[in-house]
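Descriptive structure summary
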Amino acid sequence: MTAPNSAPVKTLLHGSLMPVWLAALGVVFGDIGTSPLYAFQTAVSLTGASHAVAVASLIIWTVLLVVSVKYATILMKQDYKGQGGVFALLALLKSSIAPRPLSIVIIMVVAFGAALLLGDGTLTPAISVLSAVEGIVTIHPGLAGYAPGAAILILVLLFSVQRFGSGRLGSIFGPVMLLWFVSIALMGIVQIAAHPSVLRALDPTSGALLLARSGWHGLSIMGAVALAVTGAEALYADLAHFGRGAILKAWYAVALPSLLLNYLGQAAFLDAKPAMSADSGLFFLLCPMALRAPLVILATAATVIASQALISAVFTLVRQAKSLDILPPFAIRHTNSSVREQIYIPSVNFLLGLACVLLVVFFQTGASLANAYGVSVTGAMTVTSILWGTMMLCRKDVHRWRPLILLSAMLVLDLALFCSCMTKFLVGGYLPFFMAVGIMVLMFAWYRGRELINRAMR
């Protein structure tokens, strides 16, 4: 069993003068880059505006630990022929234990992790686009009723154009996301300059004290904080597309500072105006009224880019699962004769688009949809850590005490976030969980059936 091949960086960017790090900015960081639209607002709605600085502290340190430490520093050092992600870890594990076969338990763990990522692919377009469109409420409250309809229209158009491929749009992904990150950074800087006391959020003790005083309610708070790291898995999964250097350059030079500045800016705004409701499009309130309409358009474009990148990732994931015999074959169309990675799977696209539209119809608001978000993301993070630890412990050239320490630390963080997201299970979190269980059962049944047929034929 080997991991599927991915197109090299030069092939993906053939004919383009765009720097690799800028292209990575548009594809890899679309999801996590649009998290400020809903993550801080959702968390503060659970604590009250008086704890805005402490919430910002929790978000900042969660982003640093999960993205910068776990993914950028630890996981991205382990690749299979330049590839990353859950299937690359599976291939590394197989080579580490060869010639012994993989156990059924490992196959089930991999299937569950892949199923969670597929569930994330359903929720991300819905919550991202809906949260962006809801910015029109800050322009005129009477437009609130049109937000779900506008989001559905955008989603239908987004999934309708998938048959043409993402290659033509790829050249503008990077510049638009760069404009987005610069915009949210400037919004944050203005608020921080006006209220510099918010910089105390850089002290992790303020967030830790909030959790200590909140008791069991702290789990709900961390469940909302986890929304700030959605998309972190993309750093590792897209390793083959852009390379470790380009992804890290885009993260540390643009994405990370922009996100931290914006979260600090939202905290500064709410700390200075605690009477301001956290449920009224907080992100857009940081922007002057004259520029709010262009910001809504830019936010919508950024969320469409984030959704497009994730839809493409789902197509790739389904093809990888098919090549590893853990999903049945689907009709696959190549949308670019020179780039193998650009594919379109009609049946998957239809099911994904239908699920996104139904989610918007059912939940109506981004705040409600946030309750269903996070379970699949944090679950996939946990599976990735388990696979990484199992692979490292099976390697003969690595001292076991080092991966044991790192695995324990990562599992403490991952399980804390996963358990906190499970507090939202009854108010929407059950959707991605049962969706992932259903996909996992399909994967396992197909894999086991193929195995039994091959054994009988032999």
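Structural data are supplied above this passage.
Residues numbered from 1 in each chain as written. Predicted model: local features only at pLDDT ≥ 70, side-chain atom pairs only at ≥ 80, totals over all residues. Heavy atoms only, no water.

Let us now look at the overall build of the protein chain. Helix and strand counts for the protein chain stand at 21 helices and two strands. The globule rule puts the C-alpha radius of gyration for 458 residues at 23 Å, and the 21 Å found for the protein chain is close to it. Its C-alpha atoms give the protein chain principal-axis dimensions of roughly 70 × 50 × 45 Å. Here the protein chain holds 458 residues, and 55% of them are scored as buried. For the protein chain, the proportion of contacts with a sequence separation of at least 24, taken over those separated by at least 6, is 83%. Surface exposure of the protein chain reaches about 18600 Å², of which carbon and sulfur atoms provide 69%. One way to put it: in the protein chain the 27 positive side-chain charges average out to a point 9 Å from where the 14 negative ones average out. (Helix = DSSP H or I, 4+ residues; strand = E, 2+ residues; numbered from the N terminus. Rg over C-alpha atoms; globule rule 2.2 N^0.38 Å. Buried < 20%, exposed > 50% of the residue type's maximum accessible area, 1.4 Å probe, protein only. Contact = heavy atoms within 4.5 Å. Areas by Shrake-Rupley, 256 points an atom, 1.4 Å probe, with all protein chains shown as cover. Lys, Arg positive; Asp, Glu negative; His and termini not counted. Charge placed at Lys NZ, Arg CZ, Asp CG, Glu CD.)

Another aspect to go through is the packing of helix α5 (residues 52–74) against helix α14 (residues 244–272). When two helices pack together, their arrangement is given by the angle between the helix axes and by the axis-to-axis distance. At their nearest, the axes of α5 and α14 sit 9 Å apart, and the two run at 170 degrees to each other. Comparing the axis directions of α5 and α14 gives the class roughly antiparallel. Here Ala 52, Val 53, Ala 56, Ile 59, Ile 60, Val 63, Leu 64, Val 67, Ser 68, Ala 72 and Thr 73 of α5 come into contact with α14, specifically with Arg 244, Leu 248, Trp 251, Tyr 252, Leu 256, Leu 260, Tyr 263, Leu 264, Ala 267, Leu 270 and Asp 271. Class assignment of the residues belonging to the contact of α5 with α14 gives a composition of 18 nonpolar, two polar and two charged. (Axes fitted to C-alpha atoms, helices over the stretch in contact; angles between N-to-C directions. Parallel < 35°, antiparallel > 145°, perpendicular 65-115°, else oblique. Nonpolar A, V, L, I, M, F, W, Y, C, P; charged D, E, K, R; others polar.)

The next point concerns the pattern of salt bridges. With the rule as written, the count across this model stands at four salt bridges. Residues Lys 70 and Asp 414 are paired through a salt bridge, measuring 2.8 Å at the closest nitrogen-oxygen approach. Highlighted residues: Lys 70 in helix α5 and Asp 414 in helix α20 (residues 401–421), separated in sequence by 344 residues. The buried category is assigned to Asp 414, whose relative accessible area is 0%. Linking Asp 271 and Arg 200 is a salt bridge whose minimum nitrogen-to-oxygen distance equals 3.5 Å. In this pair, Asp 271 is assigned in helix α14 and Arg 200 in the loop between α9 (167–194) and α10 (204–214), connecting sequence segments 71 residues apart. (Salt bridge = Lys/Arg side-chain N within 4 Å of Asp/Glu carboxyl O.)

For Val 55, the position within the fold is in helix α5. For Val 55, a relative accessible area of 0% puts it in the buried group. Between the C-alpha atoms of Val 55 and Val 225, which are 170 residues apart in sequence, the distance is 7.8 Å. Here Val 55 is in contact with Phe 40, Ala 43, Val 44, Thr 47 and Leu 210, once residues within four sequence places are set aside.

This part takes up the side chain of Thr 378. With respect to the element layout, Thr 378 can be found in helix α19 (residues 375–394). For Thr 378, the side chain forms a polar contact with the main-chain oxygen of Val 375, separated by 3.3 Å. Ignoring any residue separated from it by four or fewer positions in sequence, one finds Thr 378 in contact with Ala 226, Leu 417, Phe 418 and Cys 421. (Polar contact = N/O pair within 3.5 Å; in protein donor to acceptor, adjacent residues only side chain to side chain.)

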